[in-house]
Amino acid sequence: MRKWMGYIPAVLFTGFYLFEGMIGSTFTLPVLFVLLACLWISALLLHKGSFWGGFLGLLPAMIIIVMGWLRTGQTIRTEILIGIALFLFYAGFGIYLWKKRAEIPKTENKEIALTVIKAALSVLVLMATAYFGIIGMMILTSEGIHDALLLIGILVIPTLFLPLIWLKKRKKFLLIWLIPAGIYFVALGINYGMVKYDESITINTSPNINVREYLPFEQDSKIVKYDSKTLKLTDNIPKIDGAAALFPVYSAFVNAVYPDTTKLHDDVFHYNNTPGGYQLLAEKATDIFIGVYPSDEQKAYAEKCNTTFEYTPIGTEAFVFFVHRDNPVETLTVEQIQGIYAGEITNWKQVGGADEEIAAFQRNQGSGSQSMLERFMGDKPIMEAPTELRNDLMAGIIEQVANYRSKSNSIGFSFRYYVEGIIKNPDIKMLSIDGIAPTAENIKNGKYPVVTPIYAVTYQEQTNENVDKLLDWILSDEGQYIIEETGYVGVLENGN
């Protein structure tokens, strides 16, 4: 019994910090490692009957007392009481062994030294494993490796080195270890290959663009560069924001009429995409939002903020559906697309395609394109979005809306300019609807059946007169020139 008593504090403290987590600990990670290392080396020495184990155990006891005092400055504190109890335990145990040293079978100093060296090496291995494990997790996580493989990988190094330190038959263990290790690295390679293949067939259809390529007043900017001859704003400048796909448009507006000192995310020029932009407009933190019509939730939030949105159509855009270029389907009717997104049509052969199950991807709630899909569907309920399961280390199992993949069975949606002008991916093709292709000409002549106005959204309570001046300018020949040159269609004669 005496031999095993020294392990009690080591097991209790290790279990506590393992299950409660080191993040919320009183100690920093290096101090915690030193504390636990002292406890385990002390336990090994006490197991060997060496009274030096008791004296070594006094070090973690004093660390706990000092850290408990520094943390709160209180005389009576749980950590301090624990440290005192630990101090008394090791002092008493050490004195007991010192007095009984003649009765206890003597352990060679060489054996004790070897045990201490092995324990120290074990601690170093664990610290190195933790350090390189964190770095490895960061690298592998960035590469998209599955979390289960990450956790197994962290255990690979210590399962190799710790037994090599303590076992006598090291060669036999090494051979046994190499088999699961080999299987692990094969699985890691397969998972990495699958991740990279998945990335190669995944098309980024979320409306996030590299705004650095479309900044105003930059020499190499891709925006339509036009210097207004009719309007120049110098004071009371309206705060403008917008949707991602329309950033090139309103950035060009800024370039045309705002001071050339205007920078992104200064007081007047913002980019927060559709959900964030409508929230700020509802809170009257911005003056103008350039985008498509808001969702019901976004309008409800504006009402909650006592804000009345006003909508000024400034252009026209087509809502498009796209598939992989190898998909034989070239056109769908409005009713067929509604049937797909309602879950009524589930196989491409039902609409003249191959015998493949349809994977209809969706966007996040509140995005401009998802809100447009909801309006396109009318009274038809949208089926639940296809999801992916992602095992996240911190948050458990998370369901995510599946990304569009460049496969022949996928279908996605967006706005025409975003697909043609920003994504520009040769592996996808836009579908005609009711036999009409989503071209600028077919939008202008009213043939393409699914179009939406682009709005400059303001709020009724606005008092800045320059807001109206800017709206009038956007509707002028200069503003409409920028919209059309960017790749959108201007305001149609019928008011769309």
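Procedures and definitions
Residues numbered from 1 in each chain as written. Predicted model: local features only at pLDDT ≥ 70, side-chain atom pairs only at ≥ 80, totals over all residues. Heavy atoms only, no water. Helix = DSSP H or I, 4+ residues; strand = E, 2+ residues; numbered from the N terminus. Buried < 20%, exposed > 50% of the residue type's maximum accessible area, 1.4 Å probe, protein only. Contact = heavy atoms within 4.5 Å. Areas by Shrake-Rupley, 256 points an atom, 1.4 Å probe, with all protein chains shown as cover. Phe/Tyr/Trp six-rings, centres within 6.5 Å; stacked < 30°, edge-to-face > 60°. Lys NZ or Arg CZ within 6 Å of the ring centre and 35° of its normal. Axes fitted to C-alpha atoms, helices over the stretch in contact; angles between N-to-C directions. Parallel < 35°, antiparallel > 145°, perpendicular 65-115°, else oblique. Left-handed = near helix turned anticlockwise from the far one by under 90°. Nonpolar A, V, L, I, M, F, W, Y, C, P; charged D, E, K, R; others polar. Patch = residues over 30% accessible without salt bridge, like charges linked within 9 Å, V, L, I, M, F, W, Y side chains within 5 Å. Salt bridge = Lys/Arg side-chain N within 4 Å of Asp/Glu carboxyl O. Lys, Arg positive; Asp, Glu negative; His and termini not counted. Charge placed at Lys NZ, Arg CZ, Asp CG, Glu CD. Core = buried A, V, L, I, M, F, W, Y, C linked by side-chain atoms within 4.5 Å. Polar contact = N/O pair within 3.5 Å; in protein donor to acceptor, adjacent residues only side chain to side chain. Arc of directions from axis to C-beta.

## Things to note about the overall build of the chain
- From N to C terminus, the chain includes 17 helices and 11 strands.
- Looking at the chain as a whole, 45% of its 496 residues are labelled buried.
- Taking the intrachain contacts of the chain between residues at least 6 apart in sequence as the baseline, contacts between residues at least 24 apart amount to 72%.
- Accessible area for the chain stands at about 26000 Å²; split by element, carbon and sulfur atoms hold 60% of it.

## Remarks on the side chain of Ser-369
- The topology assignment puts Ser-369 in helix H13 (residues 368–377).
- Classification of Ser-369 as buried rests on a relative accessible area of 5%.
- The residues contacting Ser-369, other than those within four sequence positions of it, are Phe-319, Arg-363, Phe-413 and Phe-415.

## A few points about the packing of aromatic side chains
- Counted under the stated rule, the structure contains 24 aromatic pairs.
- Relative to Phe-376, the ring of Phe-319 lies with its centre 6.4 Å away and its plane at 55 degrees, an arrangement referred to as tilted. Highlighted residues: Phe-319 in strand S3 (residues 309–324) and Phe-376 in helix H13, separated in sequence by 57 residues.
- Residue classification places Phe-319 among the buried residues on the basis of a relative accessible area of 0%.
- On the basis of relative accessible area, Phe-376 is assigned to the buried category, the value being 9%.
- By the ring-pair criterion, three or more aromatic residues cluster together here, those being Phe-319, Phe-321, Phe-322, Tyr-341, Phe-361, Phe-376, Phe-413 and Phe-415.
- If you follow Lys-229 out to its NZ or CZ, it ends over the ring of Tyr-226, 5.2 Å from the centre.

## Quick notes on helix H17 (residues 477–486)
- If you check which residues of H17 are buried, you get Glu-478, Gly-479, Gln-480, Ile-482, Ile-483 and Thr-486.
- Looking at the buried side of H17, the elements it contacts are helix H9 (247–257), S3, helix H14 (416–423) and helix H16 (465–474).
- Directly after H17, the chain includes Gly-487, whose backbone phi takes a positive value near 135 degrees.

## Focus on the packing of helix H10 (residues 273–282) against helix H11 (residues 296–304)
- Close contact between H10 and H11 brings their axes to 9 Å; oriented N to C, the two are set at 20 degrees. Classed by the angle they form, the pair H10 and H11 counts as roughly parallel. You can see that H10 and H11 cross each other, and the crossing is right-handed. Side by side, H10 and H11 meet where Thr-274, Pro-275, Tyr-278, Gln-279 and Ala-282 of the first sit next to Gln-298, Tyr-301 and Ala-302 of the second.
- Partitioning the contact of H10 with H11 into residue classes produces five nonpolar, three polar and no charged.

## Topic: the environment of Asp-326
- Checked against the element boundaries, Asp-326 lands in the loop between S3 and strand S4 (331–332).
- For the pair Asp-326 and Ile-428, spaced 102 residues apart in sequence, the C-alpha separation works out to 8.4 Å.

## Some details on a negative patch on the surface
- Taken together, the side chains of Asp-235, Glu-310, Glu-461, Glu-465, Asp-468 and Asp-472 make up a negatively charged region of the molecular surface.
- Checked against the element boundaries, Asp-468 lands in helix H16.

## Notes on the nonpolar core
- Among the nonpolar cores identified, the biggest contains 88 residues, and Phe-321, Tyr-341 and Ile-411 are the most heavily contacted of them.
- In this structure Tyr-341 touches Phe-321, Ala-360, Phe-361, Gln-362, Leu-373, Met-377, Pro-381, Ile-382, Met-383, Ile-411, Gly-412 and Phe-413, once residues within four positions along its chain are discounted.
- Counting residues in hydrophobic clusters, the runner-up holds 14 residues, among them Ala-10, Leu-36, Leu-58 and Ala-61.

## Structural notes on the side chain of Thr-307
- Following the sequence through the fold, Thr-307 ends up in the loop between H11 and S3.
- Among the residues examined, Thr-307 registers a relative accessible area of 4% and is labelled buried.
- Within the structure, the side chain of Thr-307 is placed 2.5 Å from the backbone oxygen of Ala-282, a separation counted as a polar contact.
- With residues near it in sequence (within four places) discarded, Thr-307 still touches Leu-281, Ala-282, Lys-284, Ala-302, Tyr-459 and Glu-461.

## Details of H10
- Those residues of H10 not exposed but buried are Thr-274, Gly-277, Tyr-278, Leu-281 and Ala-282. The buried residues of H10 occupy an angular sector of 135 degrees when projected down its axis, which confines them to one face.
- Tucked inside the fold, the buried residues of H10 contact strand S1 (240–242), strand S2 (288–291), H11, S3, H13 and strand S11 (451–459).
- Lys-284 occupies a position one or two residues after H10 and carries a positive phi of about 60 degrees.

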